[in-house]
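Observations on the three-dimensional arrangement
Now for the letters of each chain:
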Amino acid sequence: MQTLLDGLSVLGGWRINFMQVATIAVILFVFVIQGFRINQEYQRAIVYRLGRFVNVRGPGLFWIIPFIEWSTKVDVRILSVNLQTQETLSRDGVAVKVNAVVWYCIDNPAKAVNSVLDPHTAVLQAAETSLRDVIGQHDLDAILKGREQINALLMTQLDRAANKWGVDIDAVEMRDLDIPVQMQRALAQEAEATREAKARLIKAQGEQAASETLRAAAMAIAEAPGAMELRRLQTLQEIGTEQNSTIILGFPQELLHAAKRLSGE
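Residues numbered from 1 in each chain as written. Predicted model: local features only at pLDDT ≥ 70, side-chain atom pairs only at ≥ 80, totals over all residues. Heavy atoms only, no water.

The name that an unreviewed UniProt entry assigns to the chain is Band 7 protein, with the source organism given as Asticcacaulis excentricus. In its Subcellular location (unreviewed entry) section, UniProt records this for the chain: "Membrane". On record in UniProt, under Sequence similarities (unreviewed entry), the comment for the chain is "Belongs to the band 7/mec-2 family." (UniProt positions renumbered as here; feature names shortened; annotations may be inferred.)

**Observations concerning the nonpolar core**
Ranked by internal contacts, the top residues of the largest apolar core, which has 28 residues, are Val102 and Ile169. In terms of residue count, the dominant contributor to this core is helix α3 (residues 119-136) (seven residues). By size, the runner-up hydrophobic cluster in this structure holds five residues, among which are Ile46, Tyr48, Val74 and Ile106. (Core = buried A, V, L, I, M, F, W, Y, C linked by side-chain atoms within 4.5 Å. Buried < 20%, exposed > 50% of the residue type's maximum accessible area, 1.4 Å probe, protein only. Helix = DSSP H or I, 4+ residues; strand = E, 2+ residues; numbered from the N terminus.)

**Observations concerning the packing of aromatic side chains**
One pass over the structure, following the stated rule, counts two aromatic pairs. Residues tyrosine 48 and phenylalanine 53 carry aromatic rings whose centres are separated by 6.2 Å and whose planes lie at 70° to one another, so their mutual orientation is edge-to-face. Among the residues examined, phenylalanine 53 registers a relative accessible area of 38% and is labelled partly exposed. Sitting over the ring of tyrosine 42, arginine 77 keeps its end group 3.8 Å from the ring centre. (Phe/Tyr/Trp six-rings, centres within 6.5 Å; stacked < 30°, edge-to-face > 60°. Lys NZ or Arg CZ within 6 Å of the ring centre and 35° of its normal.)

**Observations concerning the pattern of salt bridges**
Per the stated rule, a full pass over the model turns up five salt bridges. A salt bridge links glutamate 69 to arginine 49; its shortest N-O distance comes to 2.5 Å. In this pair, glutamate 69 is assigned in strand β5 (residues 69-75) and arginine 49 in strand β2 (residues 43-49), connecting sequence segments 20 residues apart. For aspartate 139, the salt bridge identified is with arginine 91, shortest N-O distance 3.2 Å. Placement of aspartate 139 in the loop between α3 and α4 (140-145) and of arginine 91 in the loop between β7 (86-89) and β8 (95-106) is noted, with a sequence separation of 48 residues between them. With a relative accessible area of 28%, aspartate 139 lands in the partly exposed category. For arginine 91, a relative accessible area of 55% gives the class exposed. (Salt bridge = Lys/Arg side-chain N within 4 Å of Asp/Glu carboxyl O.)

In structure tokens form, the structure reads like this:
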């Protein structure tokens, strides 16, 4: 009887130890499972340990220490932002309304999270400020004729500011430019005057070329008097093909030259 009681007590102790081990195993399993994280290909995780930055992890599966470490996800894809229409003055005092599009991405996730509260808002405000500054540094003609230069200058100025926040500017493009109606009319008149002057210049160049050609033809005919007679006969042939009731003939130049020689003699 005593042996049976001793066996039951041992079995009870073993069962209690098994329950404790199972409980600890479950707790460890849950602890480990809670530390697994998954990031997409376009995501990065900023890992902190007790409030201190540790490293950047991802994409894919990674593990952090539960209750001690935590992570913040950052999207590193290129984003497109339309800037609000900005009203500003050009260097020559013309009021313009301009807007632009900015393409950017987070190049350094750790700096983007730790150096600025909201990198997207910071880039947006910096882009609007840079747009007003660049427009104010150029005349209206330069803005209208040199958009590529304006875009390049705007990108350089914005990229310099965004690098401090871990953001890379991919492209900046000025999209719409509105000017007052009076200035639009003045530009239209200027363009019309430019086209008219160009047309007159082309016409004058054509007349000059034609006069030089006629001069060369006259000199050729003067060297060969018979060429004038051939030209007269060709003209008569062209007139004869048409239904004309009256034909006016020019007096032959050879007779005039002969009369001059006789009178001179």
